[in-house]
Structures are given as C-alpha cells and as structure tokens.
Protein chains: 2
Amino acid sequence: MPIPTKPPHLHTQACTTAMRSVRDALDLLGGKWKLPIILALLGGPKRFKQLQRDVLGITAKMLSKELKELEMNGLLVRSVQADATPVAVTYTLQSYGDTLFPVIEALHDWGLQHRNRIMHPQVPAVEKTAVFEQVVAA
Amino acid sequence: MPIPTKPPHLHTQACTTAMRSVRDALDLLGGKWKLPIILALLGGPKRFKQLQRDVLGITAKMLSKELKELEMNGLLVRSVQADATPVAVTYTLQSYGDTLFPVIEALHDWGLQHRNRIMHPQVPAVEKTAVFEQVVAA
DNA sequence: CTGTATCCATGGAGATACTG
DNA sequence: CAGTATCTCCATGGATACAG
C-alpha cells in the first residue's frame, strides 16, 4: 500500500520515500508548459516550430528546455532529418507517455469536481469542530 | 470522457477546459509544501507550531500562506480557542481531503514505476522512429 | 503561541539578438 | 528551420524582526 493512512509525528523513511514518488510525478507534470506540450504531441509527431505555434505563448527557450526534460524522462523522442534542408527535427511522443493517462485522468476528475464544489458551495458542515481535548503545550 | 485522445491542431475550448481541471488539481498539490502539510495533518488536528515542527524546514510565513490556501479550498478548517491563553489555533483536515487520495495514489504509483524505469533502463526501443513523410513546411 | 511585516537573495521566465 | 546566448524583470521564498 502506497500512502500510509496514519503517519507518525516525525517523518519516517517510508513516508518520505512515498512522498518522493508523488513529487517525481508532480514535478514532471507540473509547471506551465509540460501538459500543453504533451497534449500537442498527442496529435502525432511535430516539428519544433509547429510545436511553438501549437503551444500558445511559449518561447523557443522554454520549449527547448521542456522538450529536453520530457526526452530525458523517456516520454518523447527527438529525431533529426539531417538530409533535409534546412535540417528538420521532429518530436514524437512515446507509448510510454500513455502511462500518464490514469494520472492525468485522476487529476482531471478531481479538478473538475473541485471546481464545481467551489463554484456551488454546500452547507459548510465542519467536521471534528473547534475544540479538541489534548492540546499539547509547545 | 475527460481527456480527448486526439486533439485538433489548435486549442479547442474542450481542450483548454479539460486542461484547466488538470491544472487546478496540479496547482493545489504542487509546490514545495502542500503535500507535507496534508500528510502531517493526516495524523489528526495540529496546532500551528506543531505543524511547523512536523513539516521540516518550513517558515512561519510559508506555513501561514499554505494553510490559508488549503482552507480556502475546503481541505482543512482553522479553529481558534480564544479562551486558552495564549490563544490556541488548530488545523483539522476535512474528510473532503480524502477525495484527494485517488489522485495522490495515481501520482505515487506512476512516480514509483517511473523511478524504477529510469534507474533500470530497458532496451531503448524507439517507436515511430525518425523520418515520417508529410513534413509540413513552415 | 500565532502569526504579520519587511528586507533581500535567488531563480525562473520573457524579450531580443544571434548562430549553424 | 532549430535552437542558443544574454539581458533583464519580477515573483517566490528565506531570514529576521516585530505584533496581538
């Protein structure tokens, strides 16, 4: 079982290890551009300039940097057609990228219901309210 | 169905709307401190100072700011015991926070397998390799 | 104890110009 | 086309001092 339900007070090794996995995924998907790039490449292989057109607002610097990271993580492959003139570079999403779908879907589902919840507030039933006995002095 | 499998070239409304949900979730979970705070509160309600001790390295400023955000999102409740002296404030995770578990679990599972994959590289079977015909000039 | 206010260092990201 | 190099701006976050 991945996430312990009742972690002890101090950070245990198991706790930090589990968190590291979550953070790995979060860091890969996080940031402003990773998702748009991945989505743009779902439509098939694209060249650098085409990507920059599809991912609205991204600069060449950022696109280059983000593509490198995604490539290092095995999510896409960079291939060069040196014979073409001028040289053509295409970026192709790997099938490994599909393994991200359950993650993205989980994020999407939660985000969607959360937005609904925030927009249409319920009765604010607060749980385990206010005072609880053992207030540890500190 | 949340995420379209084959988005068109340009960003459609459906595409950006779906992405907004993902980003909502990503933004809430992202950052350096959100996860550690949530995890720390899984063990039960805690006071400000106790949280600062449990979440290693966080400053009062950051803790205060992050707690506000989590409260605004309905994930926790801030309650004040004004009668106590000095005043005591406790933060309690709401059961709504449990809805994040599938998300965190998905992130965790992917992050774990990804780290294994990165650490123990497979045969680098590149798909849809290199050259593909219709190179759109631009 | 529970924060807030202020100052300040750092890094991330945009704009621009340039190279192969 | 496919990037890289520089410069600069600004938001984020740490440190510290202070307040209720």
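Details of the structure are given in the entry above.
Per chain, the residues get numbers from 1 upward, laid out in the order the sequence is written. Chain A is the first chain written and ligand 1 is the first ligand written, with later ones labelled in order. Totals for whole chains, interfaces and linings use all residues, but because this is a predicted model, local features are given only for residues with pLDDT of at least 70 and pairs of side-chain atoms are given and counted only at 80 or more. The basis for the side-chain values is all heavy atoms of the structure; hydrogens and waters are excluded.

## Section: the packing of aromatic side chains
Then comes step 1: Only Phe, Tyr and Trp rings take part, Trp by its six-membered ring, and two of them pair if their centres are within 6.5 Å. Stacked means planes under 30 degrees apart, edge-to-face means over 60, and tilted covers everything else. Throughout the structure, instances matching the rule amount to two aromatic pairs over all chains.
Then comes step 2: For the ring pair Tyr96 of chain A and Trp110 of chain B, a centre distance of 5.9 Å and an interplane angle of 25° mean the geometry is stacked. In this pair, Tyr96 of chain A is assigned in the loop between β3 (88-93) and α5 (101-119) and Trp110 of chain B in helix α5 (residues 101-119), connecting two distinct chains.
Then comes step 3: Partly exposed residues are those whose accessible area sits between 20% and 50% of the maximum for their type, while under 20% is buried and over 50% is exposed, using a 1.4 Å probe and protein chains only. A relative accessible area of 6% places Tyr96 of chain A in the buried class.
Then comes step 4: The lysine or arginine in question, Arg117 of chain A, covers the ring of Tyr96 of chain B, its NZ or CZ lying 3.6 Å from the ring centre. In this text, helices come from DSSP runs of H or I with a minimum length of four residues, and strands from runs of E with a minimum of two, each type numbered from the N-terminal end. The rule for a charge over a ring is simple: NZ of Lys or CZ of Arg within 6 Å of the ring centre, and within 35 degrees of the ring normal.

## A short note on the protein's contact with DNA strand C
Then comes step 1: Taken together, the neighbourhood of DNA strand C is formed by 18 residues, with Lys61 of chain A together with Arg47, Ser64, Arg78 and Tyr91 of chain B sitting nearest.
Then comes step 2: For each residue, the test is whether any non-hydrogen atom lies within 4 Å of the molecule or strand; if one does, the residue is near. Counting only the atoms of DNA strand C within 4 Å of the protein, the fraction contributed by sugar and phosphate is 79%.
Then comes step 3: Under the rule applied, a polar contact is a pair of N or O atoms within 3.5 Å (in protein, one hydrogen donor and one hydrogen acceptor; residues adjacent in sequence only if both atoms are side-chain atoms). Within the side chain of Arg47 of chain B, one N or O atom sits 2.8 Å away from a phosphate oxygen of DNA strand C.
Then comes step 4: Put simply, the parts of the chain that give the surface near DNA strand C at least two residues each are α4 (60-72) of chain A together with α3 (48-54), α4 (60-72) and β3 (88-93) of chain B.

## Considerations on the sheet that holds strand β1 (residues 46-47) of chain A
All names here are of chain A.
Then comes step 1: Strand order in the open sheet formed by three strands is β1-β3-β2, and the pairing between neighbours is antiparallel. Of all the strands in the sheet, the pair left with one neighbour each is β1 and β2 (76-81).
Then comes step 2: A pair of strands is considered paired only if DSSP assigns at least 2 bridges between the two. Where β1 lies against β3, two bridges are found, and the strand directions are antiparallel. Across the sheet, Lys46 pairs through a bridge with Tyr91, a residue of β3.
Then comes step 3: What makes two residues a contact is simply this: any of their non-hydrogen atoms within 4.5 Å. Every axis in this analysis is a line fitted to C-alpha atoms, fitted for helices over the stretch in contact. Angles between the N-to-C directions lie between 0 and 180 degrees. The strands that helix α2 (residues 34-42) touches are β1, β2 and β3; relative to β3, the one it contacts most, it runs at about 95°.

## With respect to the environment of Val89 of chain A
Then comes step 1: Relative to the elements of secondary structure, Val89 of chain A occurs in strand β3.
Then comes step 2: The class of Val89 of chain A is buried, set by a relative accessible area of 15%.

## Notes on the side chain of Thr90 of chain B
Residues and elements named next belong to chain B.
Then comes step 1: Tracing the backbone through its elements, the reader meets Thr90 in strand β3.
Then comes step 2: Given a relative accessible area of 0%, Thr90 falls into the buried group.
Then comes step 3: Within the structure, Thr90 has its side chain in polar contact with the side chain of Ser79 (distance 2.7 Å).

## Side note on the pattern of salt bridges
Then comes step 1: By definition, a salt bridge exists where a carboxyl oxygen of Asp or Glu is found within 4 Å of a side-chain nitrogen of Lys or Arg. Taken as a whole and judged by the stated rule, the model has eight salt bridges over all chains.
Then comes step 2: One salt bridge connects Asp24 of chain B with Arg115 of chain A, and the closest N-O pair in it is separated by 2.9 Å. Taken together, the residues Asp24 of chain B in helix α1 (residues 13-29) and Arg115 of chain A in helix α5 connect one chain to another.
Then comes step 3: Between Lys65 of chain B and Glu66 of chain B there is a salt bridge; the shortest N-O distance is 4.0 Å.
Then comes step 4: Residue classification places Lys65 of chain B among the partly exposed positions, given a relative accessible area of 41%.
Then comes step 5: For Glu66 of chain B, a relative accessible area of 6% corresponds to the buried category.

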